[in-house]
Each structure stands twice: as structure tokens, then as C-alpha cells.
Amino acid sequence: MNWELLVDNFWSLTIGGLTAGSIYALVALGYTLVYGVLRLINFAHSEIFMIGTFGAVWALSWIGIDGTVAIKSGAALVGTVAVVIAVCMVFSGASAVALERIAYRPLRKRGATRLAALISAIGASLAIGELFGLMVDRNPVRFTRILERNTLFTFLDATVRSDQVLVIVAAVVMMVCLDQFVQRTRLGRGIRAVSQDAETATLMGVNIDRVIMLTFLLGGLMAGGAAALYMIFFEVTKFSVGFVLGVKAFTAAVLGGIGNLRGALLGGLALGLIENYGATLTDGKWKDVIAFVVLVAVLMVRPTGILGEKLGRARA
């Protein structure tokens with residue numbers, strides 16, 4: 001165990017962990033929203049994220065950016081980042097709604113069991129992944145660098161880069177906006193009502209189909225935002241990119257308390273830190289395994305997660 005290496009690079013590892021954790025948290029929001037309303041683990045949500053990463057590549061192609069040189073102009077940079085995030089969110093949001101209409105709604109209308117819906121989710125995940133694998137011949141797809149990785153400031157011997165600040169700040173803003181939407185708007189109250197008691201919500205005039213569609217849309221939008229930030233930071237995608245990241249995001253949702261929006265934020269950031277620290281101690285050999293170990297440990301010790309509060313019972 002490289003304890004000395006961990007101590008010497010503690011703050012740099014912390015910044016890196018928070019950056020990765022912010023992406024995990026955004027994707028985890030989709031898992032926790034759908035579970036909170038339908039009590040369904042939407043395993044195809046990882047492919048919704050994957051679709052968003054390809055949306056980022058296509059967005060740059062559509063606006064004519066091709067090369068390896070970062071954009072230096074402030075206005076051009078802000079505009080490009082905004083376009084990439086918007087396109088990713090549209091792609092992932094639309095895909096999530098289509099997934100709900102095609103894979104889940106027919107089963108729900110027929111009164112199918114949750115097991116049937118879970119099998120449908122796994123089948124949809126495999127089908128979407130393989131479809132994109134055929135589209136790109138299973139090869140990685142590069143993303144043109146649009147943001148120079150300049151050191152903005154130094155914090156306790158850790159250098160903080162511009163791309164890290166963008167990922168963390170943008171992710172927190174999106175998560176806060178989602179939380180406030182669910183807590184303070186009429187549509188958000190509908191989501192919480194269905195999560196708490198779907199039958200009573202129906203009797204009170206809540207349109208269940210609309211609420212479920214909105215839930216998938218919001219989860220897809222968050223996954224699209226995460227996809228854009230992922231591409232800006234890692235600059236490469238592939239048809240299977242969502243698998244491991246999806247498991248980590250699901251772990252983050254369980255860690256924070258699945259069905260709890262603020263728990264997803266907490267779980268994502270915590271997992272990012274645990275993963276980064278653990279990878280340093282093990283020379284990076286067990287980085288991906290750490291997420292699985294955390295998932296098993298949480299399910300064994302505290303299956304309700306850190307906060308353990310359901311979406312329907314959440315408070316502003």
C-alpha cells in the first residue's frame with residue numbers, strides 16, 4: 001500500500017476525485033429518479049449517457065470544429081461549451097423518453113411485474129450498446145479539445161485546472177437546479193406525490209404517464225449534461241463507455257440513498273474520492289473494482305445508503 005504517495009498527493013487526488021464524482025453524481029440522478037417513482041433499476045440509463053457522449057462529438061462536427069487546438073476566445077469558448085452541453089442533453093433526454101415509451105410503458109400498461117421491466121431494461125441496454133458498436137465499428141471516437149487545460153490556481157499544493165473547475169461547477173449547478181425543480185415546482189410536486197403514493201396521486205388528479213415521462217426526461221437531461229462534461233474532460237468515447245461508468249453511478253446512488261436526489265450528489269462525490277484514494281494505494285490496478293466493493297459493502301452494511309430518505313419524503 002502506497003500510503004506515502006497518498007499523503008503526498010492527497011489534495012490533488014481530492015480535486016480529481018471530486019471531478020470524477022461530479023460526473024458519477026449527475027448520472028446517478030437518473031437512477032435515483034426512476035427508482036424513486038417506479039421502483040425500477042433502469043440499467044439502460046448507462047446507454048442514455050453513452051448516447052450523450054456521441055452527441056458531443058456530433059455537435060462539434062455540426063458547428064464545424066475539427067482539430068486538436070483548444071479554443072482560446074472567451075465568447076467562442078462559452079458558446080461552444082453551451083452548444084455541446086445543450087446537444088448532449090437533447091440527445092440523452094430524447095433517448096430516455098423514447099426508452100420509456102418503447103421499453104417500459106407497454107409493460108406497465110399490461111400490468112407486467114417489475115422483473116419483466118428489469119429484464120426489458122437489460123435487453124434495451126444491450127441492444128442500444130450493440131447498435132452504436134455497429135455504427136462506429138467498435139472503435140473509440142475522439143473528441144476535439146475545446147478547452148485549454150490551464151492551471152487556474154493552487155490549493156494546498158494541488159493545482160486546479162480549468163477543465164476540473166468547469167466539470168465541478170457545472171455539475172453542481174445542474175444538480176441544484178434539478179433539486180429545486182423537484183422541490184418547488186408543480187411538476188416536481190407531482191413527481192414526489194407519485195413517488196410517495198401513486199394510487200393516491202392518481203385520485204388527486206396527477207397524470208401518472210406524464211409524471212413518469214418527465215422523470216425519464218429529467219434523468220436523461222442530467223445524463224446528457226454528464227456526458228458533455230465527461231467528453232470535455234476525457235475527450236474520448238466508445239460504444240461501451242456507459243457500462244463501467246453506469247455501475248459506478250448506480251453505486252453512487254445506492255451509497256447516498258437511492259431514491260434521494262441529494263443522496264445521489266453525496267454518493268457520487270464520496271465514490272469519486274474513495275475511488276481516487278483507493279487507486280493510489282493500489283497503483284491503479286484495482287480502480288474499477290473499488291466501485292464494486294463499495295457497492296457490495298453498502299448493500300451489506302447499510303442498504304438504505306448514507307441518507308436513506310425516499311424521494312417522496314424529501315424536504316426542501
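Presented here is a report on the structure given in the accompanying data block. These numbers were taken from a predicted model, which means no experiment stands behind them. (Residues numbered from 1 in each chain as written. Predicted model: local features only at pLDDT ≥ 70, side-chain atom pairs only at ≥ 80, totals over all residues. Heavy atoms only, no water.)

1. Considering the pattern of salt bridges
- Applying the stated criterion across every chain, the model contains 12 salt bridges.
- As a salt-bridge pair, arginine 161 and aspartate 163 come within 2.8 Å of each other at their nearest N and O atoms.
- Classification of aspartate 163 by relative accessible area gives buried; the value is 1%.
- Look at the salt bridges and you will find they share partners, linking Glu100, Arg105, Arg108, Lys109 and Asp209 into a network. (Salt bridge = Lys/Arg side-chain N within 4 Å of Asp/Glu carboxyl O. Buried < 20%, exposed > 50% of the residue type's maximum accessible area, 1.4 Å probe, protein only.)

2. Concerning the layout of surface pockets
- Taken as a whole, the largest pocket spans an internal volume of roughly 510 Å³.
- Tyr24, Tyr230, Phe234, Lys248 and Lys287 are, among the 24 residues lining the largest pocket, the residues nearest its centre.
- The greatest single-element share of the lining of the largest pocket, amounting to six residues, is contributed by helix H2 (residues 10-38).
- Among the residues forming the lining of the largest pocket, the class breakdown is 11 nonpolar, seven polar and six charged.
- Empty space within the second largest pocket amounts to approximately 430 Å³.
- What lines the second largest pocket is a set of 20 residues, among which Val37, Leu38, Arg39, Arg108 and Arg114 lie closest to the centre. (1 Å grid on protein atoms, 1.4 Å probe; cavity = no way out; pocket = protein on both sides within 12 Å on 5 of 7 lines; lining within 4 Å. Points joined across faces, edges and corners; volume = space filled by probe spheres on them. Helix = DSSP H or I, 4+ residues; strand = E, 2+ residues; numbered from the N terminus. Nonpolar A, V, L, I, M, F, W, Y, C, P; charged D, E, K, R; others polar.)

3. Let's talk about the side chain of glutamine 164
- For glutamine 164, the position within the fold is in helix H6 (residues 162-184).
- For glutamine 164, a relative accessible area of 7% puts it in the buried group.
- Not counting residues up to four positions away in its chain, the partners in contact with glutamine 164 are Ile15, Gly16, Thr19, Thr159 and Phe233. (Contact = heavy atoms within 4.5 Å.)

4. Quick word on H6
- If you check H6, its first and last C-alpha atoms are 32 Å apart, about what 23 residues at 1.5 Å a residue would give, namely 33 Å.
- Taken as a whole, H6 has its buried residues at Ser162, Asp163, Gln164, Val167, Ala170, Ala171, Met174, Met175, Leu178, Asp179, Val182 and Gln183. (Expected span 1.5 Å × (residues − 1).)

5. Observations concerning unusual backbone geometry
- At aspartate 137, a residue that is not glycine, the phi angle is positive and equals roughly 55 degrees.
- According to the relative accessible area criterion, aspartate 137 is exposed, its value standing at 57%.
- With a phi angle near 65 degrees, glutamate 235 is a residue other than glycine that sits in the positive phi range.
- Secondary-structure assignment places glutamate 235 in the loop between helix H9 (208-234) and strand E4 (236-237).
- Residue glutamate 235 is classed as buried on the basis of its relative accessible area of 7%.

6. Some points on the pairing of strand E3 (residues 158-161)
- By the alternation rule, side chains of E3 split into Ala158 and Val160, which are all buried, and Thr159 and Arg161, of which none is buried.
- Hairpin geometry of strand E2 (residues 151-155) and E3 is characterised by an intervening segment of two residues between the two adjacent antiparallel strands and by a positive phi of about 50 degrees at leucine 156. (Pairing = 2+ DSSP bridges.)

7. As for the packing of aromatic side chains
- Counted under the stated rule, the structure contains 13 aromatic pairs.
- For the ring pair tryptophan 62 and phenylalanine 91, a centre distance of 5.8 Å and an interplane angle of 35 degrees mean the geometry is tilted. With tryptophan 62 in helix H3 (residues 45-62) and phenylalanine 91 in helix H4 (residues 74-109), the pair connects residues that are 29 residues apart, well separated along the chain.
- Given the relative accessible area of 56%, tryptophan 62 is considered exposed.
- Considering the side-chain rings of tyrosine 104 and phenylalanine 216, the 5.5 Å spacing of their centres and the 40 degrees angle between planes classify their relative orientation as tilted. With tyrosine 104 in helix H4 and phenylalanine 216 in helix H9, the pair connects residues that are 112 residues apart, well separated along the chain.
- Members of the aromatic cluster, connected to one another through ring pairs, are Phe54, Trp58, Trp62, Phe91 and Phe132.
- Stacked on the ring of tyrosine 35, the Lys or Arg arginine 39 has its end atom at 5.6 Å from the ring centre.
- For the cation-ring pair, arginine 149 lies above phenylalanine 233, with the distance from its terminal atom to the ring centre recorded as 5.7 Å. (Phe/Tyr/Trp six-rings, centres within 6.5 Å; stacked < 30°, edge-to-face > 60°. Lys NZ or Arg CZ within 6 Å of the ring centre and 35° of its normal.)

8. Topic: the packing of H4 against helix H5 (residues 114-135)
- Across the interface, H4 lies against H5 with an axial gap of 9 Å and an inter-helix angle of 155 degrees. If you check the angle between H4 and H5, you find them roughly antiparallel. The hand of the H4/H5 crossing is right-handed. Taking contact as the criterion, the partners of Leu99, Ala103, Tyr104 and Leu107 in H4 are, on H5, Ala116, Ala117, Ser120, Ala121 and Ala124. (Axes fitted to C-alpha atoms, helices over the stretch in contact; angles between N-to-C directions. Parallel < 35°, antiparallel > 145°, perpendicular 65-115°, else oblique. Left-handed = near helix turned anticlockwise from the far one by under 90°.)

9. Let's talk about the packing of helix H10 (residues 241-256) against helix H11 (residues 261-281)
- Running from amino to carboxyl end, H10 crosses H11 at an angle of 120 degrees, the nearest separation of the two axes being 7 Å. Viewed along their axes, H10 and H11 adopt a mutual orientation that is oblique. Read as a crossing pair, H10 and H11 show a hand that is right-handed. For the pair formed by H10 and H11, the contact residues are Lys248, Thr251, Ala252, Leu255 and Gly256 on the first element and Gly263, Gly267, Gly268, Ala270, Leu271 and Glu275 on the second.

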